[in-house]
2 protein chains.
Amino acid sequence: MSERMDAKLWVLGGTALLPGRVLPDAAIGITGGKISHITTRSQAQIPAGARKIDAVGCLVMPGLINGHTHTGMSLLRGIGDDLPLMAWLNERIFPLERKHASKEFSYWGTMLACAEMIRSGTTTFNDMYFFEDECARASDEAGMRMVAGQSLVETSDVDGSGKNLDATFDHFFESIEQYKLVTGTLAPHSIYSVSKENWKWMIGYAETNKKGIHFHLSEVMSEMDESKQKYGKTPTQVLAELGLWEQRVTVAHAVCVTPEDIAILGKHRVGVSHNPESNMKLGTLVAPIQELRKAGARVAIGTDSTASNNNLDLLQEADFAAKLQAFKYGAGAIKVEEIFQMLTAEGAEAVGLGEVTGSLEVGKAADIIAVDITGPHAVPMYNPYSHLVYSASGRDVKHSVINGAIVMEDRNLMTLDEQEIVREAAAWAKRLTQSVS
Amino acid sequence: MSERMDAKLWVLGGTALLPGRVLPDAAIGITGGKISHITTRSQAQIPAGARKIDAVGCLVMPGLINGHTHTGMSLLRGIGDDLPLMAWLNERIFPLERKHASKEFSYWGTMLACAEMIRSGTTTFNDMYFFEDECARASDEAGMRMVAGQSLVETSDVDGSGKNLDATFDHFFESIEQYKLVTGTLAPHSIYSVSKENWKWMIGYAETNKKGIHFHLSEVMSEMDESKQKYGKTPTQVLAELGLWEQRVTVAHAVCVTPEDIAILGKHRVGVSHNPESNMKLGTLVAPIQELRKAGARVAIGTDSTASNNNLDLLQEADFAAKLQAFKYGAGAIKVEEIFQMLTAEGAEAVGLGEVTGSLEVGKAADIIAVDITGPHAVPMYNPYSHLVYSASGRDVKHSVINGAIVMEDRNLMTLDEQEIVREAAAWAKRLTQSVS
């Protein structure tokens with residue numbers, strides 16, 4: 001090989017999980033934010049002065065994609081444990097948000113979440129919250145890749161988004177343009193918290209401005225029952241009538257869906273974020289993710305927020321996802337290799353970034369993590385995908401690179417002042433505690 | 001306070017989780033392997049030259065109790081993923097064990113497991129495997145507290161235990177007497193793998209020699225169906241006729257139990273190990289742990305083995321336990337404080353060591369862990385029990401003391417040569433791979 005390898009950043013010596021194959025002792029070169037070379041260390045011609053990341057003893061893989069979260073509410077971690085969904089929302093979360101939500105609350109929530117997400121291997125997250133421009137600002141500071149969804153919750157319109165939708169969303173999309181790794185979406189909360197009229201507005205706006213839509217679909221049976229009573233149809237079918245599924249859509253949950261719903265979601269290749277820990281904790285149901293995938297939908301794995309999980313560790317979420325399918329549909333219902341796809345390439349497709357990230361391929365963004373496999377819980381390792389899903393945790397992530405920039409090296413955060421973030425979060429917690437107890 | 005505090009080892013500065021109360025800035029003194037003082041740093045009179053463990057920024061709590069595991073099979077981590085229980089046992093696990101099980105296999109399996117367990121906060125484990133005296137030897141080297149169960153699996157008698165039961169078990173109990181922190185039990189595998197005659201022998205031996213019995217009860221519906229066909233009764237009821245429940249018994253699983261079974265297990269205050277990850281992964285059912293507890297049973301949380309989990313992280317297991325109950329019985333079905341009890345004091349009772357360990361009280365064994373709470377995933381922390389169950393992982397455990405000896409300090413293992421263990425496990429994996437692929 002006489003190819004000149006002019007990449008200035010290299011991830012060296014790990015076992016790389018490439019599409020369809022495993023490459024030991026890999027050398028991955030990065031140029032201008034993208035993967036420019038994939039080879040082995042013995043084949044690599046690394047220019048003098050290149051920056052090297054030591055990945056010996058690691059699995060090197062695409063950064064993880066969090067399909068659904070609300071990073072702006074991270075300061076509510078653990079609030080309302082042990083309540084079912086509707087009581088949790090109406091009795092705990094919404095009242096606290098009405099009292100405390102603010103630009104600063106969203107900003108510091110996302111800063112805290114970014115620290116936790118980088119530490120556990122997430123490089124891209126599909127977000128939804130109030131004051132989402134502030135969440136985007138935090139993500140930009142952290143150097144993360146983000147799909148930022150500005151919420152509309154009519155029943156709890158804490159940031160006043162609902163007062164003038166055109167102004168709100170024009171301003172939102174304009175204000176986040178400055179952030180290189182942030183894409184914006186519309187985020188109407190759900191069918192039960194946004195009127196049909198405003199759903200029509202969302203669809204029109206998305207169509208005109210070529211924006212995606214991210215929302216909660218069929219998270220709980222009461223949502224299904226209400227929709228049937230009110231409209232005589234399932235939420236998926238009501239929204240089909242409005243033309244929603246012609247747009248680029250990512251839905252969260254989809255745990256209560258009929259075969260007809262699944263066919264609609266599959267036909268339109270909708271992105272679905274599966275959030276097993278949140279679904280289990282709030283006592284809902286199991287999403288039929290294999291049926292959805294067979295029908296054509298793209299499934300990501302998501303953590304939901306720290307208030308219904310209560311962490312943002314996607315490798316732990318993957319463990320729940322695999323076991324929940326086995327539990328509901330029988331052992332073997334899903335393979336570890338499929339879960340890996342959902343965490344990476346398929347997850348990226350589900351959030352609208354399939355062309356950009358999600359796999360180690362030349363030309364894709366350099367969103368790369370190295371997972372340490374030298375600990376006792378990593379041996380024996382007969383199958384690296386099994387290790388990632390069933391044995392590893394986010395705490396094994398050693399290095400992380402996003403868009404070619406090192407955001408964590410040897411467990412040190414490079415873009416964030418973690419101590420300041422933890423201090424700010426603790427100060428917020430003190431203020432919030434008075435409302436909680 | 002003028003009390004002389006002559007303890008030579010102190011755990012200082014953490015937030016201690018004591019029975020019924022939380023003590024900030026705690027000072028815990030240890031003398032002769034036991035907790036001798038519980039006070040605050042400002043009240044403590046620490047003798048010059050005392051050894052101090054810095055627990056500032058940590059929750060200080062009783063070491064975790066693993067209610068059911070097979071550490072000797074740790075070298076089979078991840079073997080047979082995605083198979084249902086009976087196929088997993090008969091097609092993968094039993095054939096591999098027939099080929100590879102040996103004294104060395106059990107010893108190195110337990111060495112590996114001890115490294116992983118100490119790293120994730122376990123101080124006591126209730127074990128069951130072939131060549132269990134070798135497992136006990138490894139646990140003794142690690143300095144862990146262990147209930148060692150010598151197995152009998154008639155259908156796969158790889159260590160020849162079944163040839164002469166008297167000789168096998170006399171030898172077993174005699175050979176482990178030398179290990180200070182090891183208690184022995186009889187471990188007949190299950191009702192479907194041990195004949196009624198041998199069950200009678202087990203019960204007789206247990207009664208005569210005052211030994212406990214540890215086995216798999218009602219793990220899967222086929223076990224229930226077979227028992228009903230063969231004996232016209234559930235496994236619990238068949239064993240009741242034999243007088244089993246008059247003995248000191250810990251059962252694993254109990255996922256398929258009738259109301260009559262629950263009444264029997266409750267009446268005899270049987271120990272039950274709940275192993276949610278294994279149950280979900282092998283596609284079985286949810287143990288009715290709240291009904292069992294209400295009836296009088298003592299419930300521990302267990303990881304089962306690395307072949308059906310695939311790690312030994314009890315804090316992660318606690319997360320599964322809490323969410324699986326919420327999922328099956330509704331959010332709020334179990335409280336985080338109850339899960340904490342099952343991980344500690346109630347877990348110790350379930351494995352027959354309730355007098356010895358499981359709580360931070362003067363006179364109890366000094367089995368103490370310190371869990372770091374300075375990371376971004378630990379803030380805000382409105383409730384420390386919620387944090388432990390839903391946000392933390394075993395990787396947050398910073399220090400561990402067992403019976404007054406430091407086994408991990410600042411994430412460094414003090415009793416084990418971790419690199420040697422990982423090397424040995426990797427060498428075994430190479431040999432096993434030929435049988436697996």
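Residues numbered from 1 in each chain as written. Chains lettered and ligands numbered in written order. Predicted model: local features only at pLDDT ≥ 70, side-chain atom pairs only at ≥ 80, totals over all residues. Heavy atoms only, no water.

## With respect to the layout of surface pockets
One way to see where empty space is left: roll a probe the size of a water molecule over the atoms.
Stage number 1. Taken as a whole, the second largest pocket encloses approximately 250 Å³ of empty space.
Stage number 2. At the level of elements, α12 (336–343) of chain A together with α15 (418–436) of chain B are the ones that each hand at least two residues to the lining of the second largest pocket.
Stage number 3. Tallied by class, residues from the lining of the second largest pocket come to 4 nonpolar, 5 polar and 5 charged. (1 Å grid on protein atoms, 1.4 Å probe; cavity = no way out; pocket = protein on both sides within 12 Å on 5 of 7 lines; lining within 4 Å. Points joined across faces, edges and corners; volume = space filled by probe spheres on them. Helix = DSSP H or I, 4+ residues; strand = E, 2+ residues; numbered from the N terminus. Nonpolar A, V, L, I, M, F, W, Y, C, P; charged D, E, K, R; others polar.)

## Observations regarding unusual backbone geometry
Stage number 1. Between N309(A) and N310(A) the backbone carries a cis peptide bond, its omega angle lying at 5°.
Stage number 2. By the element assignment, N310(A) lies in the loop between β15 (298–301) and α11 (314–329).
Stage number 3. Of note, the amide linkage connecting V379(B) to P380(B) takes the cis form, showing an omega dihedral of -20°.
Stage number 4. Here P380(B) lies in the loop between β16 (368–372) and α14 (384–391).
Stage number 5. Positioned with a positive phi, R269(A) is a non-glycine residue whose angle comes to about 45°.
Stage number 6. Along the polypeptide, R269(A) turns up in the loop between α8 (259–267) and β14 (271–274).
Stage number 7. Unlike most non-glycine residues, N403(B) shows phi in positive territory, near 50°.
Stage number 8. For N403(B), the position within the fold is in the loop between β17 (397–402) and β18 (405–409).

## Details of the interface of chain A and chain B
Stage number 1. Taken together, the 56 residues of chain A in the interface contact 56 residues of chain B.
Stage number 2. For the pair chain A and chain B, the summed buried surface comes to about 4,700 Å²; carbon and sulfur atoms form 61% of the total.
Stage number 3. Interface area lost by chain A to chain B is led by D82(A), F327(A) and Y382(A), which between them contribute 17%.
Stage number 4. Seen at the junction of chain A and chain B, the total is 4 salt bridges.
Stage number 5. We note a salt bridge from E277(A) to K323(B), for which the minimum N-O separation is 2.5 Å.
Stage number 6. One can count 32 residue pairs in polar contact (both at pLDDT 80 or more) joining chain A with chain B. (Contact = heavy atoms within 4.5 Å. Buried area = accessible area lost by both parts, 1.4 Å probe. Salt bridge = Lys/Arg side-chain N within 4 Å of Asp/Glu carboxyl O. Polar contact = N/O pair within 3.5 Å; in protein donor to acceptor, adjacent residues only side chain to side chain.)

## Some remarks on the confidence of the model for chain A
Stage number 1. Confidence in the prediction for chain A averages 96 pLDDT; 98% of positions are at 70 or higher.
Stage number 2. Predicted as a complex, the structure gets a pTM of 0.97 and an ipTM equal to 0.97. (pLDDT = per-residue confidence, 0-100.)

## Comments concerning the relation of the copies chain A and chain B
Stage number 1. The operation relating chain A to chain B is a screw motion whose rotation component is 180°, with 0.0 Å of axial translation and a residual RMSD of 0.0 Å. Here the symmetry operator amounts to a two-fold rotation axis. Scanning chain A for the C-alpha nearest the rotation axis identifies R395(A), at a separation of 3.4 Å.
Stage number 2. Residue by residue, 100% of the interface of chain A is reproduced at the interface of chain B, so both copies engage with the same surface. (Least-squares fit on C-alpha atoms with pLDDT ≥ 70 in both.)

## Examining the sheet that holds strand β10 (residues 145–152) of chain A
All names here are of chain A.
Stage number 1. Ordered in space as β8-β9-β10-β11-β12-β13-β14-β15, the 8 strands form an open sheet in which the pairing is parallel. Pairing within the sheet leaves two strands with one partner each, and these edge strands are β8 (64–69) and β15. When the angles between neighbouring strand axes are averaged without regard to direction, this sheet yields 25°.
Stage number 2. With 3 bridges joining them, strand β13 (residues 249–253) and β14 adopt parallel strand pairing. Note on β14: the bridge partner recorded for A252 is S273. (Pairing = 2+ DSSP bridges. Axes fitted to C-alpha atoms, helices over the stretch in contact; angles between N-to-C directions.)

## What about the packing of aromatic side chains?
Stage number 1. On inspection of all chains with the given rule, the structure shows 26 aromatic pairs over all chains.
Stage number 2. Relative to Y205(A), the ring of F173(A) has its centre 5.9 Å away and its plane inclined at 20°; by these criteria the two rings are stacked. You can see F173(A) sitting in helix α4 (residues 165–175) and its partner Y205(A) sitting in helix α5 (residues 196–209), a full 32 residues away along the chain. Summarising the burial analysis for this pair, F173(A) and Y205(A) share the class buried.
Stage number 3. Where F320(A) meets F320(B), the ring centres are 3.6 Å apart and the plane angle is 0°; that geometry is what we call stacked. With F320(A) in helix α11 and F320(B) in helix α11 (residues 314–329), this residue pair bridges two chains. Across this residue pair, the class does not change: F320(A) and F320(B) are buried.
Stage number 4. Aromatic ring contacts, followed pair by pair, group F169(A), F172(A), F173(A), W201(A) and Y205(A) into a single cluster.
Stage number 5. Above the ring of W428(A), the side-chain terminus of R431(A) is found at 4.5 Å from the ring centroid. (Phe/Tyr/Trp six-rings, centres within 6.5 Å; stacked < 30°, edge-to-face > 60°. Buried < 20%, exposed > 50% of the residue type's maximum accessible area, 1.4 Å probe, protein only. Lys NZ or Arg CZ within 6 Å of the ring centre and 35° of its normal.)

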